[in-house]
Amino acid sequence: MPFYKDKYDAIVIGGALAGMSCAMKLASEGKDVLILERHNLPGGMATSFVRNGMEMEATLHEMMSLGPTEDPLYIREYLDEMKVAIDWLRVPEAYNLYSPKDDIDIELHAGRRPDGTWICADEIEEQYPGTKGEVNRLLELCKNVYESVLFLNDHSISKAQMLLQHEPLVKTAGYSAKEVIDKTFDLPLAVKKILSAYWIYVGQPLSTLPFTIYAFLMADYMIGGSYVARGFSHEMSVAMAEKCEELGVQFEYGQNVDKILVKDGKVYGVRTSRGDEIHTDYIASAPYPNTVYGKMIEPQSEVPAQARKYANAMPMSVTNFSVVLLLDQKPEDLNIHDYSVFSSDIPFDTDVFWKEGRQLGGWDYLTTICLNYANPDCVKEGMTSLSITFLPLPESFMDVKADDYFAVKNKVAKEMIDRVSDHLGVNLLDHIVEIEIETPVTMSHYTSDYRGGIYGYQQSMDNSVVARLEDIEKEFYIKGLVGCASHQLVGDGMACNINNGRIAARTILTWMKEAEK
Amino acid sequence: MKVNGFLKDVTGASRVTKARRSLIQHGDPNNIYRDPIRETAKELHPEKTDVMITKIEEVSPTAKKYTLKAINGDILPPFKAGQYCSLDLKIGDTITTRPYSICSAPFQARSADPFFELTIRQGKPNEGFVSNWLYDNAKEGDTFTAHLPFGEFCFEPLRDSKNVVALAGGSGITPFYSMAKEIENGTLDIQLTILYGSVSTKDIILEKQLKAIQSDKVKFINVISGEEDYEGEKGFLTKDIIQKYSAEDCSYFICGPLPMYHFVRTQLEEMKVPQRRIRMEIFGAPRDITKADGWPEGFNPAPVKLTVLRGIQEDVIEANPLEPLTVALERAGIPNNSRCRSGACGFCRCKLLSGNVFVPEEGDGRRWADKKYSYYHACSTYPLSDCKIKIIIK
């Protein structure tokens, strides 16, 4: 008896958030969908692991675009619509920024007051008097842009309406975050730095980060706050996988797709490493275009030169280096009092941090997350869950040889732990119960993503969602094949990938309708 | 889908659209795919490694050391002393896997003439069925598919004390031999004191080999419980003996059979050794699951029906409630992704679609959400009724 049907309406390669979101949507429209996931777990990077009976979040993970139950944002609405139930826990603060060289040490919270002013503007005002008005104005602009982006995600409108109703978006769309903030807002340098801390969630310095993305990120986090799942990211991933199967999706783990089969410019199936050849007319692919066009399409003669140009031209965004720790004392006893701390050991400068991402270690901008403060039950009483993360560029790790790997990752991890220990005034090395060090190689091992990339392609001025949107339909180089991960339109992040999956599903549904005609 | 053309003529936005078109137009039209990070990941974690036995040596009256080399163009990956290798085996109609600690040193697997070694002990007649089979049957020239490296039972310089006390029992000595060899080679910088508990001197494995590499960095002490006239440390691995050989702030690495682990653990607790200074490795399911905490009292372990879903294929096989699901699958010749066989690694994760099962708490390495949504590790799950599971297609 065979393991697969003769043909599926669609095959999704990769059972991570985008893939599951895509499959869910297709299945809810009555399509017969197969997900092939190479790992034995769903979720891709949105996962966790267990060491000696203790579960650890894989790395720094926060879900945005949820908002509180009574005031849901679009991802909560989508998950509700799909009836995916997850125990979300609200993260206490937006973030802390600790940059001693700038005399910056501040904690900001998400939320808007009934009069429309922002809580974080007051928090900044306390330390930088006279800035409240401008900070409120900046966040208001971010909110306007954010609302326009969300509206346009689901609606199609005329150019005239666009100019009339979405002026803030239109006006700022062609400029970087740095340009807009510097030219439009009269703020002290320190406050601009404080309001740039989230850059790492896109991995792009403010000078090349489109304002649209900056605004989306700021507004989303500052309106809705962020969330983690009670059962770690794995809970979210399993909840989505369960929903897929409930909707009739065939979800197969441990199946690596080797080849995408193409004939006359059109996909007709896939072949797995096991040797199964499975047929379909539509494929949503989590593998990067570099991998798809570089080695998965069979025969390679079916890859148009334009597709190669496309994949080869776009610079890769960041990958991940995380040190995940379980410590043997309560957070307070280790002088850890906050959930999320961005820290800089040099004067805060996103251009410099970004350049440091090309080197192996010596990273001055770290993100430290103490999960206890969002999820008190994440560890046994009297212990602390702490992760330290930097997002370097893949080139930092390209020359690391297998034989040097353990030594290299330990050296870099030690440096990161030492830096955080210095900030805390507590030597964390004396408290480690469990440690896992995740590198670009780890990302590659578990997901096989191109060069261990976690954020797709750089969302720079010349390749952000704003720049991508206009040409999206011209970039389907092989009929029936659509990308479905952070290398696609909306870019990186868990929420964005759920959205990338929805967009991939919408594309496939449109193609299916066209084919019926 | 109608893609919104709204940004077309708006100055700023059309500027970025043009910039992107120019970026892509300047892309290389050739296939320049290159992913060194993926290559490194594959070198570190090969899907499988085909290996051949090239040498067999007796290392005690009841244990043999097997030297294995990679064949068919496969390359042995780097590993850390203390990690294990899982062998795919076919014995009659049964397919199975077994985890064995690698007892050779990491540097040897990456030398000019790369190899690794496993030591396998002959078990008592009713136990260690596979080890016995290998002990009796494996010969030079035999080939296997191996999967390596796995496991977390390694010295971690950022976590562990450089003073390591190894508490070993039975074939649990093997990871420590790997560490000792690596220390001798100068590639592992720790002080290792091995306390090796055996019933009789005949049970001691790798004694000659370990004695040969004793140094100021590697100490090797036998602790014999069943020979009154033994001239040396006698008794079990009690806190008195452990204390005697412990420097200040040691990390304790325990590897041995389950009862020994329980005993030693109590001793370390009495010594008030902090949790972060204790590392452990246990292999295998409990010998008698009915003795596990929480096993339903008075349960009649009659055979049950196990429906196994792989893709859209359904097979119905028989399962014994006293054996984990993994064993039922193996007896039926259904390949199953087992590696650690102790409930920890999760390679054999499967979904329980219906039925009742038992999981001993000690072997429950599952994630919170897996418990919530009825996912199980087949190697540590016992069917209490007719069950239906979905497993990975192999």
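Here we come to the domain arrangement of chain B. Residues and elements named next belong to chain B. In terms of domains, chain B is made up of domain 1 (43–150), domain 2 (163–281) and domain 3 (299–390). For domain 1 and domain 3, the distance between their C-alpha centres works out to 26 Å. Across the boundary between the two partners, domain 1 contributes eleven residues, which contact eleven residues of domain 3. Each partner contributes to the roughly 850 Å² buried at the junction of domain 1 and domain 3, and carbon and sulfur atoms together form 53% of this total. Listed by contribution, the elements that provide at least two residues to the side of domain 1 that touches domain 3 are strand S3 (84–91), strand S4 (94–101) and strand S6 (143–150). For the side of domain 1 that touches domain 3, the element with the highest residue contribution is S4, accounting for six residues. Tallied by class, residues from the side of domain 1 that touches domain 3 come to four nonpolar, five polar and two charged.

What follows covers the layout of surface pockets. Size it by volume and the second largest pocket reaches roughly 610 Å³. For the second largest pocket, the lining is made up of 21 residues, of which A:Phe406, B:Lys80, B:Glu182, B:Thr187 and B:Leu188 are closest to its centre. Contributions of two or more residues to the lining of the second largest pocket are made by helix H14 (405–424) of chain A together with helix H3 (106–109) of chain B. Per-element accounting of the lining of the second largest pocket gives the leading share, four residues, to H14(A). Of the residues in the lining of the second largest pocket, the class split is eleven nonpolar, two polar and eight charged.

Looking now at the sheet that holds S6(B). All names here are of chain B. The strand order across the open sheet formed by six strands is S4-S3-S6-S1-S2-S5, and the pairing between neighbours is antiparallel. Two strands bound the open sheet, and with one partner strand each, they are S4 and strand S5 (116–121). Averaged over all pairs of adjacent strands, the angle between strand axes in this sheet comes to 40 degrees, irrespective of strand direction. Judged from the four bridges that link them, strand S1 (residues 49–60) and S6 form a sheet pairing that is antiparallel. Across the sheet, residue Val51 finds its bridge partner in S6, namely Phe144. Each of strand S2 (63–70), S3, S4, S5 and S6 touches helix H4 (residues 129–137); the most contacted strand, S3, lies at about 80 degrees to it.

Calculation rules
Residues numbered from 1 in each chain as written. Chains lettered and ligands numbered in written order. Predicted model: local features only at pLDDT ≥ 70, side-chain atom pairs only at ≥ 80, totals over all residues. Heavy atoms only, no water. Domains from an automatic or database assignment. Contact = heavy atoms within 4.5 Å. Buried area = accessible area lost by both parts, 1.4 Å probe. Helix = DSSP H or I, 4+ residues; strand = E, 2+ residues; numbered from the N terminus. Nonpolar A, V, L, I, M, F, W, Y, C, P; charged D, E, K, R; others polar. 1 Å grid on protein atoms, 1.4 Å probe; cavity = no way out; pocket = protein on both sides within 12 Å on 5 of 7 lines; lining within 4 Å. Points joined across faces, edges and corners; volume = space filled by probe spheres on them. Pairing = 2+ DSSP bridges. Axes fitted to C-alpha atoms, helices over the stretch in contact; angles between N-to-C directions.

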